[in-house]
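Residue-level listing of the chains:
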Amino acid sequence: MTEQAAPTTMHIGELADRTGLSNRTIRHYDEVGLLHPSGRTEGGFRLYTDTDLARLLIIRRMKPLGFTLEQMAELLAVVDALEAANDDADHVQLRGQLDEYIRDTEERRAKLEQHLGMADEFLSILRHR
């Protein structure tokens, strides 16, 4: 029988450092149900794992693209369900939902690219005055 190692944990400050987010933002995501700590110390301090870090990085990447907290929660639920799906029918349905997020993200990226092009043009106009 092999002994499974306990997951490496980190406090909220380390998680904040690794993601570039503030402790306050991470606590807010806990309060709204997007990211719960995997554990707590005896003193009540939050403990996070690498899995929590990966989840927070998804949230961090969605925020600047304009996804709402509800959309973030929905996508995270889809991702969690996909990892746990045993039934092929469930997997197909969940994959369809994930594909919708992929299309939506591609559209948001295209809009950002268009805005970046406009910003570059505007900078060029200003620099040549």
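Below is a short write-up of the structure.

The rules behind each value
Residues numbered from 1 in each chain as written. Predicted model: local features only at pLDDT ≥ 70, side-chain atom pairs only at ≥ 80, totals over all residues. Heavy atoms only, no water. Helix = DSSP H or I, 4+ residues; strand = E, 2+ residues; numbered from the N terminus. Buried < 20%, exposed > 50% of the residue type's maximum accessible area, 1.4 Å probe, protein only. Contact = heavy atoms within 4.5 Å. Phe/Tyr/Trp six-rings, centres within 6.5 Å; stacked < 30°, edge-to-face > 60°. Lys NZ or Arg CZ within 6 Å of the ring centre and 35° of its normal. Axes fitted to C-alpha atoms, helices over the stretch in contact; angles between N-to-C directions. Parallel < 35°, antiparallel > 145°, perpendicular 65-115°, else oblique. Left-handed = near helix turned anticlockwise from the far one by under 90°. Nonpolar A, V, L, I, M, F, W, Y, C, P; charged D, E, K, R; others polar. Salt bridge = Lys/Arg side-chain N within 4 Å of Asp/Glu carboxyl O. Patch = residues over 30% accessible without salt bridge, like charges linked within 9 Å, V, L, I, M, F, W, Y side chains within 5 Å. Areas by Shrake-Rupley, 256 points an atom, 1.4 Å probe, with all protein chains shown as cover. Core = buried A, V, L, I, M, F, W, Y, C linked by side-chain atoms within 4.5 Å.

Focus: the environment of Leu94
Phase 1: On the secondary structure map, Leu94 appears in helix H5 (residues 88–127).
Phase 2: Residue classification places Leu94 among the buried positions, given a relative accessible area of 11%.
Phase 3: Residues Leu94 and Ala81, spaced 13 residues apart in sequence, show a C-alpha to C-alpha distance of 7.4 Å.
Phase 4: Among all residues touching Leu94, those that are not within four sequence positions of it are Val78, Ala81, Leu82 and Ala85.

Topic: the packing of aromatic side chains
Phase 1: Considering all chains together, one arrives at 1 aromatic pair under this definition.
Phase 2: Here Arg108 stacks its cationic end above the ring of Phe67, 3.8 Å away from the centre of that ring.

A few points about the packing of helix H3 (residues 50–62) against helix H4 (residues 69–84)
Phase 1: Put simply, H3 and H4 touch, their axes get as near as 11 Å, and they point 140° apart. By the angle between their axes, H3 is oblique relative to H4. As for the relative orientation of H3 and H4, their crossing is right-handed in sense. Along the contact surface, H3 presents Arg55, Ile58, Ile59 and Met62, while H4 presents Gln71, Met72, Leu75, Leu76 and Asp80.
Phase 2: In the contact of H3 with H4, the residues fall into 6 nonpolar, 1 polar and 2 charged.

Things to note about the pattern of salt bridges
Phase 1: Taken as a whole, this structure holds 8 salt bridges when the rule is applied.
Phase 2: With its nearest N and O atoms 3.9 Å apart, the salt bridge here joins Asp30 to Arg40. Of this pair, Asp30 sits in helix H2 (residues 23–31) while Arg40 sits in strand S1 (residues 39–40); the two residues are 10 residues apart in sequence, bridging distant segments of the chain.
Phase 3: In this structure, Arg55 engages Asp80 in a salt bridge whose closest nitrogen and oxygen atoms are separated by 2.9 Å. Within this pair, whereas Arg55 is found in helix H3, its partner Asp80 is found in helix H4, the two being separated by 25 residues in sequence.
Phase 4: The partly exposed category is assigned to Asp80, whose relative accessible area is 36%.
Phase 5: Each of Glu14, Arg18 and Asp50 takes part in salt bridges that share partners, so that together they form one network.

Description of a nonpolar patch on the surface
Phase 1: Taken together, the side chains of Phe122, Leu123 and Leu126 present a nonpolar region at the surface, about 280 Å² in accessible area.
Phase 2: For Leu126, the position within the fold is in helix H5.
Phase 3: Leu126 sits in the partly exposed class, given a relative accessible area of 46%.

What about the nonpolar core?
Among soluble globular proteins, nonpolar side chains are generally buried collectively.
Phase 1: Core analysis: the largest hydrophobic core is formed by 24 residues, its most contacted members being Leu15, Ile26, Tyr29, Leu35, Tyr48, Leu56 and Ile59.
Phase 2: Elements with a minimum of two residues in this core: helix H1 (12–19), H2, H3, H4 and H5.
Phase 3: Filtering out sequence-adjacent residues up to four positions away, Leu56 remains in contact with Leu15, Thr19, Leu21, Ile26, Tyr29 and Leu35.

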